[in-house]
Amino acid sequence: ERAQTWHHIPRFIESNLQRGTPANPLRSPFIVMELVEGQEVGELLAEQGAPFPEVEALTLARQLAEMLETLHRASLTWKDVKGPPLQWNRIFWDRQSQHLMVIDWNVVGGPETLESQAPADRLTAAELMYEAFTGIRLYRPEMIGQIHLQTANQNFHLVPQFQRLSEPVKSFFRTALHQDLSQRHGYGRTQLDATRAFREALDQLTTPSGVGKRIPT
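Residues numbered from 1 in each chain as written. Predicted model: local features only at pLDDT ≥ 70, side-chain atom pairs only at ≥ 80, totals over all residues. Heavy atoms only, no water.

Run through the sheet that holds strand 5 (residues 99-102), naming residues and quoting values.
Read across the sheet, three strands follow the order 3-4-5 without closing on themselves; strand pairing throughout is antiparallel. Each end of this open sheet is capped by a strand with a single partner; those strands are strand 3 (39-40) and strand 5. (Pairing = 2+ DSSP bridges. Helix = DSSP H or I, 4+ residues; strand = E, 2+ residues; numbered from the N terminus.)

For the pattern of salt bridges, give the residues involved together with the corresponding values.
The tally for this structure, following the rule as stated, stands at ten salt bridges. Here Glu69 ties to Arg199 by a salt bridge, and the two come within 2.6 Å at their closest N and O atoms. A residue pair is termed long-range when its members are at least 10 positions apart, and Glu69 in helix 3 (residues 54-73) and Arg199 in helix 9 (residues 191-205) qualify at 130 residues. Since its relative accessible area comes to 17%, Arg199 is described here as buried. Each of the salt bridges in this network shares a partner with another, and the network as a whole consists of Arg62, Glu66, Glu69, Arg73, Asp193, Arg196, Arg199 and Asp203. (Salt bridge = Lys/Arg side-chain N within 4 Å of Asp/Glu carboxyl O. Buried < 20%, exposed > 50% of the residue type's maximum accessible area, 1.4 Å probe, protein only.)

Please give an account of the side chain of His8 that cites residues and values.
Residue position: His8 is located in the loop between helix 1 (2-5) and strand 1 (12-16). With a relative accessible area of 2%, His8 lands in the buried category. At 3.4 Å, the side chain of His8 and the side chain of His7 are in polar contact. At a separation of 2.7 Å, a polar atom in the side chain of His8 contacts the side chain of Glu66. (Polar contact = N/O pair within 3.5 Å; in protein donor to acceptor, adjacent residues only side chain to side chain.)

So what's going on with the pairing of strand 4 (residues 91-94)? Residues and values would help.
Here strand 4 shows two buried faces, one formed by Ile91 and Trp93 and the other by Phe92 and Asp94. Where strand 3 lies against strand 4, two bridges are found, and the strand directions are antiparallel. When the bridges of strand 4 are listed, Glu40 appears paired with Phe92. Across four bridges, the pairing between strand 4 and strand 5 is antiparallel. Looking across to strand 5, one finds that Asp94 is bridged to His99. Connecting strand 4 to the next strand, strand 5, in antiparallel fashion are four residues, including Gln98 with a positive phi near 55°.

Go over the packing of helix 3 against helix 9, please, and point to the residues and values.
Remark: helix 3 packs on helix 9, axes separated minimally by 9 Å, with the N-to-C direction vectors making an angle of 160°. The angle between helix 3 and helix 9 falls in the class roughly antiparallel. Remark: the crossing between helix 3 and helix 9 carries left-handed chirality. Facing Leu58, Ala61, Arg62, Ala65, Glu66, Leu68, Glu69, His72 and Arg73 of helix 3, the residues of helix 9 in contact are Leu192, Thr195, Arg196, Phe198, Arg199, Leu202, Asp203 and Leu205. Across the contact of helix 3 with helix 9, the residue classes break down as eight nonpolar, two polar and seven charged. (Axes fitted to C-alpha atoms, helices over the stretch in contact; angles between N-to-C directions. Parallel < 35°, antiparallel > 145°, perpendicular 65-115°, else oblique. Left-handed = near helix turned anticlockwise from the far one by under 90°. Contact = heavy atoms within 4.5 Å. Nonpolar A, V, L, I, M, F, W, Y, C, P; charged D, E, K, R; others polar.)

I'd love a proper account of helix 9, names of residues and values included.
Taking 1.5 Å of rise per residue, the 15 residues of helix 9 would be expected to cover 21 Å, and the 22 Å separating its terminal C-alpha atoms lies within 8% of that figure. For helix 9, the complete set of buried residues consists of Gln191, Ala194, Thr195, Ala197, Phe198, Arg199, Leu202, Asp203 and Leu205. Against helix 3, helix 4 (111-134), helix 7 (167-176) and helix 8 (181-185) lie the buried residues of helix 9. (Expected span 1.5 Å × (residues − 1).)

Can you lay out helix 4 for me, pointing to particular residues and giving the numbers?
With 24 residues, helix 4 ought to run about 34 Å at 1.5 Å a step, and its terminal C-alpha atoms sit 34 Å apart, in line with that. Maximal helix bending in helix 4 amounts to about 45°, located at Gln117; proline Pro119 follows within four positions. Within helix 4, 18 of the 24 residues are buried, leaving the element largely enclosed by the surrounding structure. (Bend = angle between axes of the 7 residues up to and from the residue.)

How would you sum up the packing of aromatic side chains? Please name residues and give values.
Per the stated rule, a full pass over the model turns up seven aromatic pairs. Seen from their ring centres, Phe133 and Phe173 are 5.4 Å apart, and the 80° between their planes marks the pair as edge-to-face. With Phe133 in helix 4 and Phe173 in helix 7, the pair connects residues that are 40 residues apart, well separated along the chain. Ring centres 5.7 Å apart and planes at 45° place the aromatic pair Phe172 and Phe198 in the tilted group. Taken as a pair, Phe172 in helix 7 and Phe198 in helix 9 lie far apart in primary sequence, 26 residues in all. (Phe/Tyr/Trp six-rings, centres within 6.5 Å; stacked < 30°, edge-to-face > 60°.)

Now the structure itself:
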C-alpha cells in the first residue's frame, strides 16, 4: 500500500529527532532516507535554459499533485507555516524513469494546520508547475509579503510562453491560479476534496483523451 501512496516521498531508514542533553551535548537530530535518484528540478531548468517539453511537464506536474494529496490525506502539509517560500530545491526529477521525489515537507500537521495551509500548498504547487511549463517564475524569494504578486494580478496569462501552451493546459492554470478563492478551490469543498480535484484535473490532462500520454507511476 505504501508503494502506491507514498512513492513520491522517500522512506525513512533511521531517525533520531532528540536534541543534545547536558549528559550528551554532542547529540544532533538526524534523519536517514532512502537514496533519491535524479536532479533538483531548479537545476535542470537552469541548465537547459528553457521549460520542460509539455508532455514531460505534465507528467512531473501530475506526480507533484499526487505527492500533495498524499500529505493532505495524512493531515500533513507541504509548506511549513513559518518557513520560506517553496522552490524547486529538494524536489528531484529523474528524467530517465520520469519519476519525482520530494525530500522536504512539514512533519507537524493536523486538521487545523491542513485547513489553513492546504490552499497555500495548492497555489504554490500550481506556481511551480507554471514555471516547469513556461520557464517563468511567478515569485522571487526576496519578495517578502508579495510572494504571489504576479498570480494575484493575473498577469501570468499574458506572456507568450503561456500562450504557446495547449488549450487544456492553459485552462488548468486559469483555474489553479485564479484570483478568486472559490473559483480556484471549489466552493464548499473540504481541503482534502479540493486537493483531490486539483490532482484529478491533471489526471484528465495526462490520459489519452487529454494532452499528453499518462505514464504509470
